[in-house]
Amino acid sequence: MKLWGGRFAEGPSEVFERFSGSLHFDRRLIGADIRGSQAFARALEHVGILTAGEREQLVAAFDQLLLESSAPEFFAGATDEDVHTVVIRKLKEKVGALAEKIHTGRSRNEQVSLDTRLWLRGETEAVQALLVDFMDALLRLASRHPHAVVPGYTHMRRAQAVLWPHYILAYFEMFARDWQRLQQAHERINVLPLGSGALAGSGFPFDRQEMARDLGFASVTRNSMDVSGDRDFVLDFLYAASMIMLHLSRLAEDWILYSNEEFGWLHLADGVTSGSSLMPQKKNPDSLELIRGKSGRVIGSLNALLFTMKGLPMTYNRDMQEDKEPLFDAVDQTAMSLAMARAVADAVSLREAVPAAAVEDSWVVAADLAEALARNGTAFHQAHRIVGRLVLESVQSGRKPADWTGAQLIAFAPEFTADMAAHLAALMQPREGMKSREIPGGTGPQAVAEALSEAQNRLRAMRGQAQQP
Ligand code: ARG
């Protein structure tokens, strides 16, 4: 069965059918296609194309189809062009000639947009829920080590000491923005395209607001040509998913490093690691590596569709059928990666003494010292030079910050004054310097405790704002 055979003297070639058919992947949209068609049957009744009895018969047949479609044998042997065609063929098997009316005033161009929107709306909500669960695991991980001190890095070199929750909250912020991006994508997905026809608007006076209410859309599209040619809403989701994966990938990279023998401060539980077939001692962070690897795949999907769309003339072109495989794959990989990342976060613990020693052995206190001098009246550039010399001298003589007493510092440079002595000795402990960073957004212990409890509130609000499917 074709939805378009009349104009053709000959049928399509076998290779063309195989090449152009999309049923093997767009079958995922069957639930959406059926729900959309039920709403469309109700709209057809309102414009007088169907009687109430016919509408009832069609809606009931669709209900049956929906049930049957979850059985694995539903698609067995199906050679239909796409999901829209298989649904109408099966409808015909159930209601006979009445099925010939269901496509009145409707085009597959709007139908594919409708189906994708309905399906993606639910998937976006599901990904948001997975993201919130993962962020919750991050906050639990921060709270398991509330006072731990770790080196913060720039250029992959120890830079300044930060609290462990401060580091984790940096990722929380990235994922909170990702949640908002999904929310924005959801807003643009959740618009009813039905009523647009092939490209010029339907020839039947459907109440589009009523159709939107029926299908739970927040609004209706404003231009039928735009509907036919638009895949922005898919790209919006793919961008949001790519950002999630980018952030997950950076976190994975951090934790792969922090858990290796050279860093040695993160402990990954057995359940999220694997061994080597040859080297009996190995315990490899494959879960994190796969998250990092899959990020390339999702970012690739975003790029695939950007390239597909960029040269298309108005309006619909069959190229656009190429949107679905990257979208489906991106949804799957992002959802799985979030679930995996959550399990990893739950299975991670910090060996607090190791990063604490890394912080104490290095000169991460240098900026704190320079700033203490600046607070005491020395110009900052001058203070920077003094502490720079102190570090050079220490590196050359193999001294750590804690090896310096207040008196020795005063002897080293006159800018270290006697009234600073007690404070100076304390400043050689990284924890002390952190106390000077009680600025909102800083790593001061009070600021971090407040940020952590704010993050918990924000996460609760995200759960509260979640769309009701
Ligand atoms: N399978 C098609 C797609 O995914 C459905 C729309 C077909 N429309 C058309 N004019 N051939 O885009």
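The preceding data block contains the structure.
Residues numbered from 1 in each chain as written. Predicted model: local features only at pLDDT ≥ 70, side-chain atom pairs only at ≥ 80, totals over all residues. Heavy atoms only, no water.

Undergrad: So what about the overall build of the chain? Which residues, and what values?
TA: Each helix and strand counted, the chain has 19 helices and six strands in total. At 30 Å, the chain has a C-alpha radius of gyration far larger than the 23 Å of a compact globule built from 469 residues. Across its three principal axes, the chain shows a C-alpha extent of roughly 100 × 55 × 40 Å. When each of the 469 residues of the chain is scored for burial, the buried share is 48%. (Helix = DSSP H or I, 4+ residues; strand = E, 2+ residues; numbered from the N terminus. Rg over C-alpha atoms; globule rule 2.2 N^0.38 Å. Buried < 20%, exposed > 50% of the residue type's maximum accessible area, 1.4 Å probe, protein only.)

Undergrad: I'd love a proper account of the site of the ligand, names of residues and values included.
TA: Near the ligand you find Ser22, Asp82, His84, Arg108, Asn109, Val112, Tyr316, Gln321 and Lys324, and these make up its full shell. Contacts to the ligand include serine 22, whose side-chain N or O atom sits 3.5 Å from a nitrogen atom. Protein contacts shield 87% of the accessible area of the ligand, which totals 340 Å² for the unbound molecule. Top element by residues in the shell around the ligand is helix α6 (residues 108-144). It accounts for three residues. When grouped by side-chain class, the residues that make up the shell around the ligand number two nonpolar, four polar and three charged. (Near = heavy atom within 4 Å. Polar contact = N/O pair within 3.5 Å; in protein donor to acceptor, adjacent residues only side chain to side chain. Areas by Shrake-Rupley, 256 points an atom, 1.4 Å probe, with all protein chains shown as cover. Nonpolar A, V, L, I, M, F, W, Y, C, P; charged D, E, K, R; others polar.)

Undergrad: Run through the pairing of strand β1 (residues 149-154), naming residues and quoting values.
TA: Here six bridges tie β1 to strand β2 (residues 157-163), and the two strands are oriented antiparallel to one another. For valine 149, the partnering residue across the bridge sits in β2 and is leucine 163. Count of turn residues in the β1/β2 antiparallel hairpin: two residues, of which histidine 155 carries a positive phi of about 55°. (Pairing = 2+ DSSP bridges.)

Undergrad: Can you lay out unusual backbone geometry for me, pointing to particular residues and giving the numbers?
TA: A cis amide bond links methionine 314 to the next residue, threonine 315, at an omega of 0°. Mapped onto the elements, threonine 315 comes out in the loop between α11 (286-310) and α12 (324-346). Here histidine 155, not a glycine, exhibits a phi torsion of approximately 55°, which is positive. Judged by relative accessible area, which is 72%, histidine 155 ranks as exposed. Positive phi is not limited to glycine here, since methionine 156 has a value of about 55°. Within the secondary structure, methionine 156 sits in the loop between β1 and β2.

Undergrad: For the packing of aromatic side chains, give the residues involved together with the corresponding values.
TA: Evaluation of the coordinates by the stated rule reveals 16 aromatic pairs. Considering the side-chain rings of tryptophan 4 and phenylalanine 8, the 5.2 Å spacing of their centres and the 65° angle between planes classify their relative orientation as edge-to-face. A relative accessible area of 44% means that phenylalanine 8 is categorised as partly exposed. Ring geometry for phenylalanine 134 and phenylalanine 175: centres 5.0 Å apart, planes at 85°, overall edge-to-face. Of this pair, phenylalanine 134 sits in helix α6 while phenylalanine 175 sits in helix α7 (residues 164-189), and the two are 41 residues apart along the sequence. Taken individually, phenylalanine 134 and phenylalanine 175 each receive the classification buried, so the pair is uniform in this respect. Taken together through their ring pairs, the aromatic side chains of Phe134, Tyr153, Trp164, Tyr167, Tyr171, Phe175, Tyr258, Phe263 and Trp265 make up a single cluster. The ring of phenylalanine 217 is capped by arginine 121, whose NZ or CZ atom sits 4.7 Å from the centre of that ring. Residue placement shows arginine 399 over the ring face of tryptophan 404; its charged tip is 3.9 Å from the ring centre. (Phe/Tyr/Trp six-rings, centres within 6.5 Å; stacked < 30°, edge-to-face > 60°. Lys NZ or Arg CZ within 6 Å of the ring centre and 35° of its normal.)

Undergrad: Would you mind going over helix α8 (residues 208-215) in detail, with residue names and values included?
TA: If you check which residues of α8 are buried, you get Met211, Ala212 and Leu215. An end-on view of α8 places all buried positions within 100° of arc, on one side of the element. Looking at the buried side of α8, the elements it contacts are α3 (30-46), α6, β3 (191-192) and β4 (219-220). With a side-chain oxygen positioned 3.2 Å from the backbone nitrogen of glutamine 209, the residue opening α8 is aspartate 207. Looking one or two residues beyond α8, the residue adopting positive phi is glycine 216, at roughly 75°. (Arc of directions from axis to C-beta. Contact = heavy atoms within 4.5 Å.)

Undergrad: Can you explain the environment of glutamate 393? Please cite residues and give values.
TA: Relative to the helices and strands, glutamate 393 resides in helix α15 (residues 380-397). In this structure the C-alpha to C-alpha distance between glutamate 393 and phenylalanine 380, which are 13 residues apart in sequence, comes to 20 Å. With residues near it in sequence (within four places) discarded, glutamate 393 still touches Arg399, Trp404 and Phe412.

Undergrad: Lay out the side chain of serine 228 in plain terms, naming residues and giving numbers.
TA: On the secondary structure map, serine 228 appears in helix α9 (residues 224-229). A polar contact is formed between the side chain of serine 228 and the backbone oxygen of alanine 198, at a distance of 2.3 Å. Once you skip the residues sitting within four places of it in the chain, serine 228 turns out to touch Asn109, Ala198, Leu199, Thr315, Tyr316 and Met320.

Undergrad: Tell me about a nonpolar patch on the surface, and name the residues and values.
TA: On the surface, a cluster of nonpolar side chains totalling about 360 Å² of accessible area is made up of Val15, Phe16 and Phe19. Looking at where valine 15 falls in the secondary structure, it is placed in helix α1 (residues 14-20). For valine 15, a relative accessible area of 52% puts it in the exposed group. (Patch = residues over 30% accessible without salt bridge, like charges linked within 9 Å, V, L, I, M, F, W, Y side chains within 5 Å. Salt bridge = Lys/Arg side-chain N within 4 Å of Asp/Glu carboxyl O.)

So, to be careful, I would describe these as geometric facts and stop short of saying anything about function.
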